[in-house]
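# Chain and residue survey
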Amino acid sequence: MNSPQTPSFETVRLLADGPVARLSFNRPDNANAFDRRMWEELPRALEWIGTQRHLRVVVLSGEGRHFTGGIDLSVVSWLMELTADPQRATRGREDVLAFIEKAQHAFNALERCPVPVIAAIHGACVGAGVDLIAACDLRLCSADAKFCVKEVDLAVVPDVGTLQRLSHVIGYSATAELTYSAETFDARRALDLRLVSRVLDNKGALLESANRLAQDIASKPPTAVRGIKRNLLWSRDHSVQDGLAFVATWNAAMLVGEDLAEAVEAAKQKRKAIFPD
């Protein structure tokens with residue numbers, strides 16, 4: 001059930017279902033494309049989730065027929081207007097820079113969120129949608145999913161994460177091919193590329209699978225899950241030796257505690273462990 005304390009938004013829908021936060025894009029009549037409000041509301045929702053100790057996993061999906069069609073064309077038109085006046089072109093470019101940084105902040109919030117984010121993708125996942133899912137921890141999709149790094153067709157260099165994150169997911173060569181060509185590819189290709197880890201028959205099966213995975217993760221020791229996320233991201237951006245040093249320091253500080261004690265006791269008693277928020 002959605003608790004009274006759960007904030008409400010216009011462009012995203014947030015439900016707190018036990019230990020799982022269900023976050024969905026809520027512009028179905030516009031293919032869940034990112035307008036200016038959506039860039040603001042997504043990070044606010046994720047930041048709220050990060051303050052709630054009882055929420056241990058996020059399932060991110062899209063209302064209606066599509067996950068997201070990427071950036072809304074109204075935003076593109078607005079950005080063009082900012083630099084249309086030659087008398088204030090420099091100021092306009094500063095405004096464009098400020099918006100790009102705001103958009104980057106919105107997707108960085110997926111990594112700043114202390115708990116795993118599972119992207120459940122159906123229908124279209126285009127342009128900024130690929131930037132977004134590259135920042136998620138896990139990605140599942142339905143058989144009807146279609147992906148495209150669309151920016152080059154609009155004479156744009158992808159600027160909210162694809163170039164920085166996607167190669168860590170699918171490799172440099174595959175990232176280069178998809179970003180240079182703007183090829184539209186299907187769920188099977190996404191699985192072959194390891195962009196997604198599962199392909200489900202339809203949206204219903206997709207959400208059911210994402211929910212089972214979320215519930216399974218939510219049943220694990222929460223301090224360990226949050227620590228795994230932090231260490232995975234740290235190791236991605238640092239050398240192997242730096243990553244080993246970081247995780248050693250992390251476990252020296254965090255390993256011995258109530259979650260470890262409960263896990264050991266549950267194993268001894270051959271029962272399911274119960275971890276407090």
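As a further point, take the side chain of Thr68. With respect to the helices and strands, the residue Thr68 is situated in the loop between strand 3 (57-62) and helix 2 (73-82). Look at Thr68 and you get buried, because its relative accessible area is 0%. When sequence neighbours within four positions are dropped, the list of residues in contact with Thr68 reads Phe25, Ala31, Asn32, Ala33, Phe34, Ala124, Cys125, Val126 and Gly129.

Here the focus is the sheet that holds strand 7 (residues 146-148). Taken in spatial order, the three strands make up an open sheet running 5-7-8, and their pairing is mixed. Of all the strands in the sheet, the pair left with one neighbour each is strand 5 (124-126) and strand 8 (184-186). The average angle at which neighbouring strand axes cross in this sheet is 20°, direction not considered.

Here we come to the pairing of strand 1 (residues 12-17). Burial along strand 1 is one-sided: Val12, Leu14 and Ala16 are buried, and none of Arg13, Leu15 and Asp17, which face the opposite way, are. Here strand 1 folds back onto strand 2 (residues 20-25), and the loop between the two strands holds two residues, one of which, Gly18, carries a positive phi near 60°.

Turning next to the packing of aromatic side chains. Aromatic ring pairs: the centre-centre distance and the angle between the two ring planes describe each pair. Under the criterion given, the structure shown has 10 aromatic pairs. When the ring of Trp39 is compared with that of Phe107, the centres are 5.1 Å apart and the planes differ by 40°; the resulting orientation is tilted. Pair noted here: Trp39 is in helix 1 (residues 36-51) and Phe107 is in helix 3 (residues 89-112), with a separation of 68 residues, a long-range link. Each of the two residues, Trp39 as well as Phe107, counts as buried. Put simply, the rings of Phe25, Phe34, Trp39, Phe67, Trp78, Phe99 and Phe107 touch in pairs and so form one group of aromatic residues.

Where helix 9 (residues 222-236) contacts helix 10 (residues 240-254), the two axes come as close as 9 Å, and the packing angle between them is 160°. With respect to helix 10, the axis of helix 9 lies roughly antiparallel. The crossing of helix 9 and helix 10 is right-handed. Touching Gly227, Arg230, Asn231, Trp234 and Ser235 of helix 9 are Asp242, Gly243, Phe246, Val247 and Trp250, all from helix 10. Grouping the constituent residues of the contact of helix 9 with helix 10 by class yields four nonpolar, four polar and two charged.

What follows covers the pairing of strand 2. Of all six residues in strand 2, five are buried; the element is thus mostly enclosed. Where strand 1 meets strand 2, six bridges bridge the pair, whose relative direction is antiparallel. Residue pairing in the sheet places Ala16 in a bridge with Ala21 of strand 2. The pairing of strand 2 with strand 3 spans six bridges and is parallel. Looking at strand 3, one finds that Arg22 is bridged to Val59.

This next bit is on the sheet that holds strand 2. One open sheet holds the six strands; their spatial order is 1-2-3-4-6-9, and the pairing between them is mixed. Taken across any chain shown, the strands that pair with only one partner, and hence form the sheet edges, are strand 1 and strand 9 (198-200). When strand polarity is set aside, the average angle formed by the axes of neighbouring strands in this sheet is 20°. Examined bridge by bridge, strand 3 and strand 4 (residues 117-121) share three bridges and lie parallel to one another. Bridging from a neighbouring strand, Val59 pairs with Ile118 of strand 4.

Here we take up the pattern of salt bridges. Here the structure, examined in full by the defined rule, presents 19 salt bridges. Close ionic contact of Arg236 with Glu111 constitutes a salt bridge, the shortest N to O distance being 2.7 Å. One end of the pair, Arg236, is in helix 9; the other, Glu111, is in helix 3, and 125 residues separate them in sequence. When its relative accessible area of 17% is taken as the criterion, Glu111 is described as buried. Among the salt bridges present, the one from Arg212 reaches Glu208, with a minimum N-O distance of 3.0 Å. On the criterion of helical spacing, the pair formed by Arg212 and Glu208 is a turn pair, its members being four residues apart in helix 8 (residues 203-218). Judged by relative accessible area, which is 47%, Arg212 ranks as partly exposed. The partly exposed category is assigned to Glu208, whose relative accessible area is 48%. Residues participating in the shared-partner salt-bridge network are Glu111, Arg165, Arg236 and Asp237.

About the thresholds
- Here, residues in each chain are numbered from 1, in the same order as that chain's written sequence.
- Only residues with pLDDT of at least 70 get local features here, since the model is predicted, and only at 80 or more are side-chain atom pairs given and counted; chain-wide, interface and lining totals rely on the full set of residues.
- To get the side-chain values, take all heavy atoms of the structure and skip hydrogens and water.
- Helix and strand labels come from DSSP, where a helix needs a run of H or I of at least four residues and a strand needs a run of E of at least two; each type is numbered from the N terminus.
- Working definition: with a 1.4 Å probe on protein chains only, accessible area under 20% of the residue-type maximum means buried, over 50% means exposed, and in between means partly exposed.
- The criterion used for residue contact is that any of the two residues' heavy atoms lie within 4.5 Å.
- Any two strands are treated as partners once DSSP identifies two or more bridges connecting them.
- Each axis is a line fitted through C-alpha atoms, and for a helix only the stretch in contact is used; angles between axes span 0 to 180 degrees, taken between their N-to-C directions.
- Think of it this way: a Phe, Tyr or Trp ring, Trp meaning its six-membered ring, pairs with another when their centres are within 6.5 Å, and the plane angle makes it stacked under 30 degrees, edge-to-face over 60, tilted otherwise.
- Should an angle lie under 35 degrees it is considered roughly parallel, over 145 roughly antiparallel, and from 65 to 115 roughly perpendicular; all remaining angles are considered oblique.
- Crossings are classed by handedness, with left-handed meaning an anticlockwise turn of the near helix from the far one by less than a right angle and right-handed meaning a clockwise turn.
- For this classification, Asp, Glu, Lys and Arg are treated as charged, while Ala, Val, Leu, Ile, Met, Phe, Trp, Tyr, Cys and Pro are nonpolar and the rest, including Gly, are polar.
- In the sections that follow, a salt bridge refers to a side-chain nitrogen of Lys or Arg positioned within 4 Å of a carboxyl oxygen of Asp or Glu.

Note that every value here comes from positions in space, so none of it alone points to a role or purpose.
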